[in-house]
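Spelled out, the chains give:
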Amino acid sequence: MQTEEQTEEVNTPITPTPAIEIQVEDDRTGMTVDTLKRAFADNLYYLLGKDESWATPHDYYTALAYTVRDRLLHRWINTVRTYMKTETKAVFYLSAEFLMGRQLANNLLNLGLYERATEAIKESGLDINDLRLMEAEPGLGNGGLGRLAACFLDSLATLEIPAVGYGIRYEFGIFDQWIKDGAQVEHPDKWLRFGNPWEIRRPELTVEVKFGGHTEAYSDDKGNYRVRWIAERKVLGTPYDTPVAGYNNNTANTLRLWSASASEDFNFQVFDSGNYVGSVTDKIFSENISKVLYPNDNTSQGKQLRLEQQYFFVSCSLQDIITIHRRIHPNLDNFHEKAAIQLNDTHPSIAVAELMRLLIDEHDFEWDKAWHITKNTFGYTNHTLLPEALERWPVSLFERLLPRHLEIIYEINRRFLNEVRAKYPRDDARLRRMSLIEEGAEKYVRMAHLACVGSHSINGVAALHTDLMQQKVLKDFYQLWPEKFNNKTNGVTPRRWVLLSNPKLSELIAEKIGNNWVTHLEELRQLEGFVDDPEFGDRFSAIKYQNKKELADYISLYNNIEVNPHSLFDIQVKRIHEYKRQLLNVLYIITLYNCIKRNPQVEILPRTFIFAGKAAPGYYIAKLIIKLINSVAKVVNKDPDVRDRIKVVFLANFSVSLGQRVYPSADLSEQISTAGKEASGTGNMKFAMNGALTIGTLDGANIEIREEVGAENFFLFGLTAEQVFAMKSKGYNPWNYYNSNSELRETIDRIASGYFSPENPKLFAPIVESLLIGDEYMLMADYQSYIECQEKVSQAYRDRANWTRMSIFNVARMGKFSSDRTIRDYCQDIWHTKPVRINLPAYKPLGTR
Ligand SMILES: *Cc1c(COP(=O)(O)O)cnc(C)c1O
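Because the structure is a prediction, the values reported are computed rather than measured.

What counts as what
In every chain, residue numbers begin from 1 and rise along the written sequence. The predicted nature of this model means local features are confined to residues of pLDDT at least 70 and side-chain atom pairs, given and counted, to a pLDDT of 80 or more, with totals for whole chains, interfaces and linings taken over all residues. Here the side-chain values reflect all heavy atoms present in the structure, with hydrogen atoms and water set aside. UniProt positions are given in the numbering used here, feature names are shortened, and annotations may be inferred rather than shown by experiment. Only DSSP runs of H or I with at least four residues qualify as helices, and only runs of E with at least two residues qualify as strands; both kinds are numbered from the N terminus onward. Whether a residue is buried, partly exposed or exposed follows from its accessible area with a 1.4 Å probe, protein chains only, as a fraction of its type maximum: under 20%, in between, or over 50%, in that order. The contact rule is simple, with two residues in contact once any of their heavy atoms fall within 4.5 Å. Any two strands with at least two DSSP bridges between them are considered paired. Here a residue is considered near a molecule or strand provided that any single heavy atom belonging to it is located within 4 Å of it. In protein, a polar contact requires one atom able to donate a hydrogen and another able to accept it; more generally it is a pair of N or O atoms within 3.5 Å, and residues adjacent in sequence count only if both atoms are side-chain atoms. Computed with a 1.4 Å probe, the accessible areas rest on the Shrake-Rupley method; for each residue, only the protein chains presented here act as cover. Every residue carries a pLDDT, the predictor's confidence in it, which falls somewhere between 0 and 100. Side-chain atoms within 4.5 Å link the members of a nonpolar core, which is a set of buried Ala, Val, Leu, Ile, Met, Phe, Trp, Tyr and Cys residues.

Peer 1: What's the story with the UniProt feature "modified residue: N6-(pyridoxal phosphate)lysine" (unreviewed entry) in the chain in this structure? I'm lost.
Peer 2: Mapped onto the present numbering, the UniProt feature "modified residue: N6-(pyridoxal phosphate)lysine" (unreviewed entry) falls on Lys 686. Within the element layout of this structure, Lys 686 appears in helix α26 (residues 683–689). Judged by its relative accessible area of 6%, Lys 686 falls in the buried class. Among all residues touching Lys 686, those that are not within four sequence positions of it are Arg 147, Val 492, Trp 497 and Tyr 663.

Right under this line is the structure:
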């Protein structure tokens, strides 16, 4: 990167000419409608090489994106220059996933350009909404964890915190989900097909990452014991930078994603020996590393390529952070005082061993000093207690792929176990439990333990989750180091999830309380003053109705199903997972259906049940649940006895973009996971902020949402986490519920009979079996409580004025769940970072300064 000195210090033999006065309305930084319109036309012409005679809608989108990017770059370059001068501590957020969502509208919004761009596009004879739809969504994440990283970047920039997000530039993000004959079909996500105008490739910052080979000990010239890693292969990591704009300020932080390529285009030795194809194949192996996102949510895929991805992006990022540090500071002694690195789950936890390796092997540090820096640099966020999500890698794989890291992990473990032994003498069971190495026929490296030992902070993502983490999964670590543990309840950005997703509600709120709530979400409390204002209530519910109508149009277009926007919109959108219990929701639908079949004249509240979510391609039962939802939909939607009172809809390809349509259109938010299983949830927050009432268990952040909005404005059901554990330990038998509850029995029998799959009556037998044998997620135990609670929901919805009142209370009291609050807490308790204000002087081109 060029510094000011380099550009200003020029060997000029003649008297410099006076600086040209640069117009404020520069073509590439100006913010008026006329300038935007001109820049848009110029970009179409000069960057895309087209004019209106043959430009496609995507070309128009790209031309507008470049117009916005120019304005972003101005802020971005200023931000980077300011950070380099201020030397304040920065946050580096390491995450294997960033689920950013579309960039165009969000950037326009944060830059304060949305209205003017809309006008400029209109004056160009186009509609900005058509252009917005042309953007491919960068789906570089699975669900909540990746979306959290994206919300955090928005809040970090909005709070003016120096921060970089580091991850992988997957060529293929989360698969496109198609529904064919009611079943999920996966298609590759070719999001880069038409280019990505938001990123800038930085080939000059390319770094090298080693894999495999062996290590050698040697003595350096001072006679010190040193280790050399002789790698078997090397891969190059090239960064692609995307600016991340803060809302209504001049900050533009960086999302830096790494792309892998071969270190040499041709291995000439191989080339000479005639194996041309073999040498090119080598190149392909390297490129594979950043090829595709693993599509598992809350489950670890124990594949070598996955560990390669993790090490690849961690090594690239740490080398890069060290380079950034060394540009400003003489050495790495104060690294931990200038860099706070957060590990988003264990996916990047190899960073602990990698930073030790870089400090010791490449920067000549002694162990103790390196360890002090490492421990004080990292913070670890735990995201789940599900056993299938705990990452463990076979020692044999480590030996093959990362031999030097295995040595370092063994040494970390040796010293760590000495510490444990000193505190708990003669407690071998504890040593075995806490070791970084799991012993057995096959030995494993426990990545969560590595993250815990190598970090100064360990946090959970909601109060209950942090509690359970401390009492169960990481109990031994909590006993050893209680001071390391803390809670940081998740949040979501109100910019994307209210202002952008729900413009009508945002306008109404702004009319009543101004615009401050966008960055100070607690201010929504002022809306409580309007709960008994009938005019406000009418407008509030009219907006909900309009949002529902728009979703109904979408459903009509894509699902060819007509739904009634006056019916209660009951929505469950999230990854399909047994613990999230979409199946419990289906059991209620079938119960209602049975009720209608018994007595077609029965009084029932019209409801539209809407589902969306992807299942991991290898998750058999989850995919079968999708098929069941669609099979039930097919029967229920066309049964004349139902008389359109209940409708079931499965929306294909859930994504951030689809979420933006769906969350604002819900009356009821389904947050029905088995208590103790959902770490936090963030979908629950997006729904409630947009005025949906929640039907939910005491799980994750539901507990805190209920605390905030008031128990009277929340539909609670089900066992508590404690009751779940107690029941399991006593020996839980789902058959008792089947035998004693006739409504439940009829519901399950209806599935088992093949009623919903006449062409293959046994199709759903595995689902029936999952309920009757084991019922891991205790749907049977929670069924009756859920059914009764849903009846209360129906009753409550009949009093529409009071429902609206409850809905307003939900919006007004969701301030806590802004990711701004979450980030402020991380800054204060974990990162110890402060904001840096960015000024925006007018752009002065090189040569005129
Ligand atoms: C918010 C969000 C999630 C997380 O939803 P949960 O209900 O918390 O599981 C998943 N996917 C997308 C696209 C989201 O926007």
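Peer 1: Help me understand the sheet that holds strand β17 (residues 444–446) in this model?
Peer 2: Paired through their backbone hydrogen bonds, the strands of a sheet run either parallel or antiparallel. Judged by pairing direction, the sheet is antiparallel, and its three strands sit side by side in the order β15-β17-β16 without closing on themselves. For this open sheet the edge positions go to β15 (392–394) and β16 (437–438), each flanked by a neighbour on one side alone. Two elements, β15 and β17, share three bridges in a ladder whose sense is antiparallel. Residue pairing across strands places Pro 394 opposite Tyr 444, the latter belonging to β17.

Peer 1: Sorry if this is basic, but what is going on with the site of the ligand here?
Peer 2: Taken together, 15 residues form the shell around the ligand, and within it Lys 574, Lys 580, Thr 682, Gly 683 and Lys 686 come nearest. Contacts to the ligand include Lys 580, whose side-chain N or O atom sits 2.8 Å from an oxygen atom. Separating an oxygen atom of the ligand from a backbone N or O atom of Gly 683 is a distance of 3.0 Å. Compared with its free state, where it exposes 390 Å², the ligand has 96% of that area covered by protein. Where the shell around the ligand is concerned, the elements lending two or more residues are α7 (144–158) and α26.

Peer 1: Explanation requested: the confidence of the model for the chain in the structure shown.
Peer 2: Interpretation of the predicted coordinates at a detailed level should be avoided for regions scoring low in pLDDT. For the chain, mean pLDDT is 95; residues scoring 70 or higher make up 96% of the total. Mean pLDDT across the elements of the chain ranges from a minimum in helix α1 (residues 4–8), with 36, to a maximum in strand β23 (residues 668–671), with 99. Predicted confidence for residues 1–23 stays below pLDDT 50, and this span has 13 contacts to residues more than four positions away or in other chains.

Peer 1: I would appreciate a short explanation of the nonpolar core in the present structure.
Peer 2: Counting residues in hydrophobic clusters, the biggest one holds 184 residues, and the most contacted among them are Phe 312, Phe 398, Phe 715, Trp 803 and Trp 831. Contacts of Phe 398, omitting those with residues within four sequence positions, involve Leu 307, Ile 350, Trp 393, Pro 403, His 405, Leu 406, Ile 409, Val 445 and Met 447. Leu 111, Val 498, Val 563 and Val 656 belong to the second-largest nonpolar core, a separate cluster that totals 84 residues.

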